[in-house]
Amino acid sequence: MNDVSIAQQNFLLSQKKHRRVVRTGRLCLFLLFLILWEGAAQAGAIDSFIFSSPSKAALCAYGMLLDYSLFTHIGVTLFETIASFGFVILFTVIITVALWYNRRLSETLEPYLVVLNSLPKSALAPLLIVWLGANYTTIILTGVSVAIFGSILSLYTSFQSVDAEKVKLIYTLGGRKSHVLAKVILPASIPSLFSIMKVNIGLCLVGVIIGEFIASRQGLGYLIIYGSQVFKLDWVIMSIAILCILACGLYGLISGLEKRYLKKFS
């Protein structure tokens, strides 16, 4: 027992060391990129007007923090992303359950879902603006349109992949289709739903930025498109960096929820 315990401790220590080395490597690589970028801009190897630099982007962010305008742009994009993500998950579950309940409906709609999922979503944004106007609703729907069709197809595939023997057991014991859904299908599909959520949070952010490119006067997408039009490349670089941070934060939040769920119910 003592030998096993020592082996386990050594294994855990090696895993911690491995994670520490990986994190350190990631940080060093990122810092090296920033240093090379800043050095090239300062030395004139690249045009700092066109390519900007980390220091100029940081000064731009600092100035916009002082007048609180950056908080407004971040808040708008974050609100639109979370709203579109919430609608995607809600409608994905509802529509997938309806497709699972009615086989004829699923066979009828499947080719349309495949086509809509393959359609470039940036092509829908101008139509939504014409139909609904340039407002928050249009941007949120653009974010929803980017993610929802693929989500429905993925979750429906997960529903179809559930162990048939468990489903048969419910029916053998006198259960109905609603019992199969509640006791077998939904619980077995929770891991797949978390995977879909981790993909969708990024897709919703992309959709919102596409909408803000076309139909907004606020948000990080607006800063990117406006900054590129008037050659304020510091705004563009700063906004892209903030988007990366937001994407990582939202993904990490969902991953944390997934780990808590698996730890509690596995």
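Placed above this text is the structure.
Since the model is a prediction, treat every value here as computed from it, not as a measurement.

What counts, and where the lines are drawn
Once a new chain begins, its residue numbering starts again from 1 and follows that chain's sequence as written. pLDDT decides what is reported in this predicted model: residues at 70 or higher carry local features, side-chain atom pairs at 80 or more are listed and counted, and totals for whole chains, interfaces and linings draw on all residues regardless. Side-chain calculation: all heavy atoms of the structure are included, whereas hydrogens and water are not. Buried Ala, Val, Leu, Ile, Met, Phe, Trp, Tyr and Cys residues that are joined via side-chain atoms within 4.5 Å together make up what is termed a nonpolar core. Note on exposure labels: buried denotes an accessible area under 20% of the residue type's maximum, exposed denotes more than 50%, and partly exposed covers the range between, all computed with a 1.4 Å probe on protein chains only. Under the scheme used here, helices are H or I runs from DSSP no shorter than 4 residues and strands are E runs no shorter than 2 residues, and both carry numbers assigned from the N terminus. Residue contacts follow a heavy-atom distance rule, with two residues in contact if any of their heavy atoms lie within 4.5 Å. Identification of polar contacts relies on pairs of N or O atoms within 3.5 Å, with a donor-acceptor requirement for protein atoms, meaning one able to donate a hydrogen and the other able to accept it, and with residues adjacent in sequence counted only if both atoms are side-chain atoms. Lys and Arg are tallied as positive, Asp and Glu as negative. Neither His nor the chain termini are counted. Any carboxyl oxygen of Asp or Glu within 4 Å of a side-chain nitrogen of Lys or Arg constitutes a salt bridge here.

### Structural notes on the nonpolar core
Most often, soluble globular proteins have nonpolar side chains that are buried together.
Then comes step 1: Within the largest apolar cluster, 32 residues are counted, with the highest numbers of intra-cluster contacts made by Phe85, Trp100, Phe159, Ile185 and Met197.
Then comes step 2: Among the elements of the structure, helix 4 (69-101), helix 7 (136-160), helix 8 (164-172), helix 9 (177-215) and helix 11 (233-265) are those that each provide at least two residues to this core.
Then comes step 3: If one sorts the elements of this core by residue count, helix 9 sits on top with 10 residues.
Then comes step 4: Once residues within four sequence positions are removed from consideration, Met197 is found in contact with Phe85, Ile89 and Ile254.
Then comes step 5: Of all hydrophobic cores here, the second largest spans 17 residues; its members include Tyr222, Ile224, Trp235 and Ile242.

### Looking at the side chain of Ser53
Then comes step 1: Relative to the assigned elements, Ser53 resides in the loop between helix 2 (48-51) and helix 3 (54-66).
Then comes step 2: At 3.2 Å, the side chain of Ser53 forms a polar contact with the side chain of Ser55.
Then comes step 3: Residue contacts for Ser53: discarding those within four places in its chain leaves Trp37, Glu38 and Ala41.

### Quick word on the environment of Leu223
Then comes step 1: When you line up the elements, Leu223 lands in helix 10 (residues 220-229).
Then comes step 2: Through-space distance from the C-alpha of Leu223 to that of His73 is 8.1 Å; in sequence the pair is 150 residues apart.
Then comes step 3: When sequence neighbours within four positions are dropped, the list of residues in contact with Leu223 reads Met64, Leu70, His73, Trp235, Met238 and Ser239.

### Considerations on the side chain of Glu212
Then comes step 1: For Glu212, the location among the structural elements is in helix 9.
Then comes step 2: Lacking a salt bridge, the buried Glu212 has Arg217 as its closest oppositely charged neighbour, with an N-O distance of 11 Å.
Then comes step 3: If sequence neighbours within four positions are ignored, Glu212 has contacts with Val76, Thr77, Glu80, Ile139, Gln218, Gly219, Leu220, Gly221 and Tyr222.

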